[in-house]
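# Examining the three-dimensional arrangement
Below, each chain spelled out in residue letters.
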Amino acid sequence: MAGSARRPEHRGPPELFYDEAEARKYTQNSRVVEIQSQMSERAVELLGLPEDRPCLLLDVGCGSGLSGDYISEEGHYWIGMDISPAMLDVAVEREVEGDLLLADVGHGIPFRPGMFDGCISISAVQWLCNADKKSHNPPKRLYRFFSTLYTALARGSRAVLQLYPENSEQLELITAQAMRAGFTGGMVVDYPNSAKAKKFFLCLFVGASGTLPKGLGTESAAEETHQAKFTKERTRFRNIKGKSVKKSRDWILEKKERRRRQGKEVRADTKYTGRKRRPRF
């Protein structure tokens, strides 16, 4: 159930739509990568994770691992599920840091109770509303997904699912099955007055109800200016706390060290590590 950085058209089941050619084209599109990264950042932000320890997250519809890249950069661990073999093949080639599982989430989340500290999903859950096979019953598949996800999440954790609903009826169907499975929470809509920037995030709580976060772009113009300034300062402060700038030498060295701790083969560090190549003519 590969995610998509654009509103997906219903062209058959995702495992067929995202074939080898489509999977590679998707992952090599810089615009798609940028949007996917932005939505992943927002989803992780809405999880409200503790800052003092790494967490284990589930990425539903992980695709080629673009969302997982951001999770790894934030110092967390992740397991990704997807129904598209071609997408997962690309993720393996990209040597993503998470573990990968080929599975249809409409059959449920096959992990032990309380295993995950949170779950994100980017542009995937709406696929469960499609009856691509005679055996598919969208309400039952959605309930199976949400009920098993609820069990796999630790008490007090959250699931943040970014989705592209086709209409209000589909949105109501998804939300109703989530609440029926035991979740509380609701929909967070970023930039509700923008046709292009509008994004839906279903923010779900496990156990005690939390305060539903406010969507971006819902404040007045003056408040938006203040918020943008605060966000910029927060990013700078986080770098001061020890997080290296992406693609810098320190960032690359930290990523290589994480991979070594995972037992993966990594090239030796040299004076050329992280150095930009000169353009060739």
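First things first, this report covers the structure right here in the doc. Keep in mind the model is a prediction, meaning the values are calculated, not measured. (Residues numbered from 1 in each chain as written. Predicted model: local features only at pLDDT ≥ 70, side-chain atom pairs only at ≥ 80, totals over all residues. Heavy atoms only, no water.)

### Quick word on helix 3 (residues 30-47)
Under the 1.5 Å per step criterion, the end-to-end length of helix 3 is 26 Å for 18 residues, consistent within 8% with the ideal 26 Å. Of the positions making up helix 3, those classed as buried are Val-32, Ile-35, Gln-36, Met-39, Ser-40, Arg-42, Ala-43, Val-44, Leu-46 and Leu-47. Just beyond helix 3, the residue with positive phi is Gly-48, at close to 65 degrees. (Helix = DSSP H or I, 4+ residues; strand = E, 2+ residues; numbered from the N terminus. Expected span 1.5 Å × (residues − 1). Buried < 20%, exposed > 50% of the residue type's maximum accessible area, 1.4 Å probe, protein only.)

### Section: the side chain of Ser-40
Along the polypeptide, Ser-40 turns up in helix 3. If sequence neighbours within four positions are ignored, Ser-40 has contacts with Ser-67, Tyr-70 and Ile-122. (Contact = heavy atoms within 4.5 Å.)

### Details of the pattern of salt bridges
For the coordinates displayed, the defined rule picks out 6 salt bridges. For the salt bridge of Arg-94 with Asp-69, the shortest nitrogen-to-oxygen distance reads 2.3 Å. Within this pair, whereas Arg-94 is found in the loop between helix 5 (85-93) and strand 3 (99-102), its partner Asp-69 is found in helix 4 (residues 66-73), the two being separated by 25 residues in sequence. Residue classification places Arg-94 among the partly exposed residues on the basis of a relative accessible area of 31%. Residue Arg-141 pairs with Asp-104 through a salt bridge whose shortest N-O separation is 3.1 Å. (Salt bridge = Lys/Arg side-chain N within 4 Å of Asp/Glu carboxyl O.)

### Details of the packing of helix 6 (residues 138-152) against helix 7 (residues 168-180)
A pair of packed helices is characterised by two quantities: the angle between their axes and the separation of those axes. Following both chains from N to C, one finds helix 6 and helix 7 inclined at 45 degrees, their axes separated by 8 Å at the closest point. When the axes of helix 6 and helix 7 are compared, the pair comes out oblique. Taken as a pair, helix 6 and helix 7 cross one another with a handedness that is right-handed. Residue-level contacts link Pro-138, Pro-139, Leu-142, Tyr-143 and Phe-146 of helix 6 to Leu-173, Ile-174, Gln-177, Ala-178 and Arg-180 of helix 7. Among the residues making up the contact of helix 6 with helix 7, the classes are represented as 8 nonpolar, 1 polar and 1 charged. (Axes fitted to C-alpha atoms, helices over the stretch in contact; angles between N-to-C directions. Parallel < 35°, antiparallel > 145°, perpendicular 65-115°, else oblique. Left-handed = near helix turned anticlockwise from the far one by under 90°. Nonpolar A, V, L, I, M, F, W, Y, C, P; charged D, E, K, R; others polar.)

### Observations regarding unusual backbone geometry
Unlike most non-glycine residues, Glu-95 shows phi in positive territory, near 55 degrees. Locating Glu-95 in the fold gives a position in the loop between helix 5 and strand 3. Phi at Tyr-191 takes a positive value of approximately 50 degrees, unusual for a residue other than glycine. With respect to the element layout, Tyr-191 can be found in the loop between strand 6 (184-190) and strand 7 (199-205). Looking at Tyr-191, the relative accessible area reads 38%, which means it is partly exposed.

### Considerations on the sheet that holds strand 5 (residues 153-163)
Strand order in the open sheet formed by 7 strands is 3-2-1-4-5-7-6, with mixed pairing between adjacent strands. Strands at the two margins of the open sheet, each flanked by one partner only, are strand 3 and strand 6. For this sheet, the mean inter-axis angle between neighbouring strands, taken without regard to orientation, is 15 degrees. Strand direction decides the pairing type here: strand 6 and strand 7, joined by 7 bridges, are antiparallel. Its bridge partner being in strand 7, Met-187 is matched across the sheet by Leu-202. (Pairing = 2+ DSSP bridges.)

### Considerations on the packing of aromatic side chains
Taken as a whole and judged by the stated rule, the model has 4 aromatic pairs. Pairing Phe-145 with Phe-146 gives two aromatic rings, centres 4.9 Å apart and planes at 55 degrees, and the pair type is tilted. In this pair, the class of Phe-145 matches that of Phe-146, namely buried. When the centroid spacing of 5.1 Å and the interplanar angle of 80 degrees are considered together, the rings of Tyr-150 and Phe-183 count as edge-to-face. Placement of the pair is Tyr-150 in helix 6 and Phe-183 in the loop between helix 7 and strand 6, with a sequence separation of 33 residues. (Phe/Tyr/Trp six-rings, centres within 6.5 Å; stacked < 30°, edge-to-face > 60°.)

### Structural notes on the packing of helix 3 against helix 4
Between helix 3 and helix 4, the least distance of the axes is 8 Å, while the angle of their chain directions is 50 degrees. Comparing their axes, helix 4 and helix 3 come out oblique. As for the relative orientation of helix 3 and helix 4, their crossing is right-handed in sense. Residues Val-33, Gln-36, Ser-40, Glu-41 and Val-44 of helix 3 pack against Leu-66, Ser-67, Tyr-70 and Ile-71 of helix 4. The residue inventory of the contact of helix 3 with helix 4, partitioned by class, reads 5 nonpolar, 3 polar and 1 charged.

All we've got here are geometric facts, nothing functional implied.
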